[in-house]
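Commentary on secondary and tertiary structure
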Amino acid sequence: MASDENAAEPRETLLEIRNLKTHFALDEGTVRAVDGVDLEIGRGQVVGVVGESGCGKSMTAMSVMRLIPPPGRIVEGAIRFHRQFNGRAGAADIIDLAQFEPNSRPVRDIRGNQISMVFQEPMTALSPVRTVGKQITEAIRLHQNVSKAEARDIAIETLARVKMPNPAQRIDDYPFQLSGGMRQRAVIAMALACRPQLLIADEPTTALDVTTEAQILDLLRALQAESGMAILYITHNLGVVAEMAEEVVVMYLGKVVERSDVDSIFYDPKHPYTRGLLNSIPRLETVVQDKKEKLNAIEGMVPGPYQRLRGCAFHPRCPDFMPGICDQTEPELIQLEPGHSVRCHLFNGSD
Ligand code: SF4
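It should be emphasised that the depicted structure is a prediction, and the values quoted were computed from it without experimental measurement.

Across its full length, the protein holds 12 helices and 12 strands. Sorting the 351 residues of the protein into buried and exposed places 49% on the buried side. Within the protein, contacts between residues at least 6 apart in sequence are counted, and of these 64% link residues at least 24 apart. Accessible surface, the protein: about 17,200 Å² in total, of which carbon and sulfur atoms supply 49%.

Mapped onto the secondary structure, Ala-225 falls in helix H8 (residues 210-227). What makes Ala-225 exposed here is its relative accessible area of 64%. Taking the C-alpha atoms as reference points, Ala-225 and Gly-44, separated by 181 residues in sequence, lie 8.5 Å from one another.

It is worth spelling out the packing of aromatic side chains at this point. Two descriptors summarise a pair of aromatic rings, namely the distance from one centre to the other and the angle between the planes of the rings. Applying the stated rule across the entire model yields 4 aromatic pairs. A centroid spacing of 5.1 Å and a plane angle of 80 degrees characterise the contact between Tyr-252 and Phe-314, whose relative ring orientation is edge-to-face. One end of the pair, Tyr-252, is in strand S9 (residues 247-252); the other, Phe-314, is in the loop between helix H12 (284-289) and strand S11 (334-337), with 62 residues separating them in the sequence. Ring centres of Tyr-273 and Phe-314 lie 5.2 Å apart, and the angle between their planes is 65 degrees; this geometry places the pair in the edge-to-face category. With Tyr-273 in helix H11 (residues 272-279) and Phe-314 in the loop between H12 and S11, the pair connects residues that are 41 residues apart, well separated along the chain. A single burial state applies to Tyr-273 and to Phe-314, both of which are buried. Clustering of aromatic rings is evident, with ring pairs tying together Tyr-252, Tyr-273 and Phe-314.

Further remarks concern empty space enclosed by the protein. With the rule as written, the count across this model stands at 2 cavities of 30 Å³ or more. Space inside the largest cavity adds up to approximately 90 Å³. If you go around the largest cavity, you meet 14 residues; those closest to its centre are Cys-312, Cys-318, Cys-326, Cys-344 and His-345. Here the lining of the largest cavity is composed, by residue class, of 10 nonpolar, 3 polar and 1 charged. Considered as a void within the structure, the second largest cavity measures approximately 40 Å³ in volume. Val-64, Met-65, Arg-66, Leu-97, Val-107, Ile-110, Arg-111 and Ile-115 are the residues that line the second largest cavity. Residues of the lining of the second largest cavity, tallied by class, amount to 6 nonpolar, no polar and 2 charged.

As a matter of local geometry, the ligand sits amid His-271, Pro-272, Cys-312, Phe-314, His-315, Cys-318, Asp-320, Cys-326, Cys-344, His-345 and Leu-346. Judged by the proximity of its atoms to the pocket grid, the ligand belongs to the largest cavity. For the shell around the ligand, a count of residues per class yields 7 nonpolar, 3 polar and 1 charged.

On to the environment of Phe-321. By secondary structure assignment, the location of Phe-321 is in the loop between H12 and S11. Looking at Phe-321, the relative accessible area reads 31%, which means it is partly exposed. Once the C-alpha coordinates of Phe-321 and His-345 are considered, the two residues, 24 residues apart in sequence, prove to be 9.3 Å apart. Phe-321 has contacts with His-315, Cys-326 and Asp-327, leaving out every residue within four places of it along the chain.

One pass over the full model with this rule turns up 21 salt bridges. A salt bridge links Asp-109 to Arg-105; the shortest N-O distance between them is 3.1 Å. Within this pair, Asp-109 and its partner Arg-105 are both found in helix H2 (residues 105-110), separated by 4 residues, close to a single helical turn. Take Asp-109: its relative accessible area is 32%, and that puts it in the partly exposed class. Here Arg-105 falls in the exposed class, since its relative accessible area comes to 55%. Because the salt bridges share partners, they merge into one network encompassing Glu-16, Arg-18, Glu-40, Arg-80, Glu-247 and Arg-259.

The strands making up a sheet are joined through hydrogen bonds of the backbone, oriented either antiparallel or parallel. Strands sit in the order S6-S7-S8-S3-S9-S10-S12-S11 across an open sheet of 8 strands; the sheet is mixed. In this open sheet, the two strands that pair with only one neighbour each are strand S6 (115-118) and S11. The mean inter-strand angle of the sheet, taken between neighbouring strand axes irrespective of direction, is 20 degrees. Bridge analysis of S6 against strand S7 (residues 198-202) gives 4 bridges, and the strand direction is parallel. Paired with Val-118 across the bridge in S7 is Ala-201. Along the sheet face, helix H1 (residues 57-65) touches strand S3 (46-50), S6, S7, strand S8 (230-235) and S9 and points at about 145 degrees away from the line of S6. Set on the sheet, H11 makes contact with S3, S9 and strand S10 (255-261); between it and S9 the angle comes to about 105 degrees.

Here is what the cut-offs are and how they apply
Residues numbered from 1 in each chain as written. Predicted model: local features only at pLDDT ≥ 70, side-chain atom pairs only at ≥ 80, totals over all residues. Heavy atoms only, no water. Helix = DSSP H or I, 4+ residues; strand = E, 2+ residues; numbered from the N terminus. Buried < 20%, exposed > 50% of the residue type's maximum accessible area, 1.4 Å probe, protein only. Contact = heavy atoms within 4.5 Å. Areas by Shrake-Rupley, 256 points an atom, 1.4 Å probe, with all protein chains shown as cover. Phe/Tyr/Trp six-rings, centres within 6.5 Å; stacked < 30°, edge-to-face > 60°. 1 Å grid on protein atoms, 1.4 Å probe; cavity = no way out; pocket = protein on both sides within 12 Å on 5 of 7 lines; lining within 4 Å. Points joined across faces, edges and corners; volume = space filled by probe spheres on them. Nonpolar A, V, L, I, M, F, W, Y, C, P; charged D, E, K, R; others polar. Near = heavy atom within 4 Å. Sits in = over half its atoms within 2 Å of the grid points. Salt bridge = Lys/Arg side-chain N within 4 Å of Asp/Glu carboxyl O. Pairing = 2+ DSSP bridges. Axes fitted to C-alpha atoms, helices over the stretch in contact; angles between N-to-C directions.

Here it is as structure tokens:
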């Protein structure tokens, strides 16, 4: 698991998301993709966000980047980014990204510069008809006042940082000339070229084979340690979270249902949904002893996007469902102990 030597030291805040709601008003109804999310990331911290597909993880990330596809929009909440100038952060440097238009100057100044994103599929981030070098140098020149030659030098240096083989030659390759792993390295280089304070990685290894996935995870860990940037790591894979993150946020249907340090999530999970996710991880001894043993997948499916459930959104799938409570009242996110919060009536002393 990720080392947490500095866990006791309070961290300077880098990003605070407060009561964020991102909704899609469609003819069929309103999709509440993000429905009141609270989340903080400290400077240099790695936070994993986990949940099944459709739980709002990616849309939370897209909201921070202000890249929500239409007709989605932020209807409520704040995304406060604590900008750092000349190596120092101060109260005057907090900007609420939710208050600006997606293509406004303040958002464009931060997006791809102080906050960067790596997507699941490298080809969504790369143009197939331009060399990777051209794409990386353009990203650099958008935010830095450097010449084309200087931007090319920075691009080669960044490709070397992400361990691209022969970076001075590969810079002139088109994406189709690169392997899947090399393409993802090029995308990471593009995201890192401006030395962001926060990297959002949305399932960056899902499209890769297991060996390449391990190499990219090693690379992200090394880059994080070297640069001290924070990472918001989005994945459905709790095994990856165990390797990458210090803090874990579990999301279900647009809400945070549990948040804790990584050890508590794995060794003392509280929310029935978190326990279900953990039970669905294949364990080595299970695989070795009985290849036919079925994994304990969570019963049922994530409800349809237009469905609004009364009470706890997880109640139709929950093994601990309490009739008359869970299907009537929505639980609040409550703090069990410093650093560990859960949204479930089982832990609400008043119930
Ligand atoms: Fe299960 Fe009730 Fe807790 Fe929801 S509130 S997770 S239904 S026990």
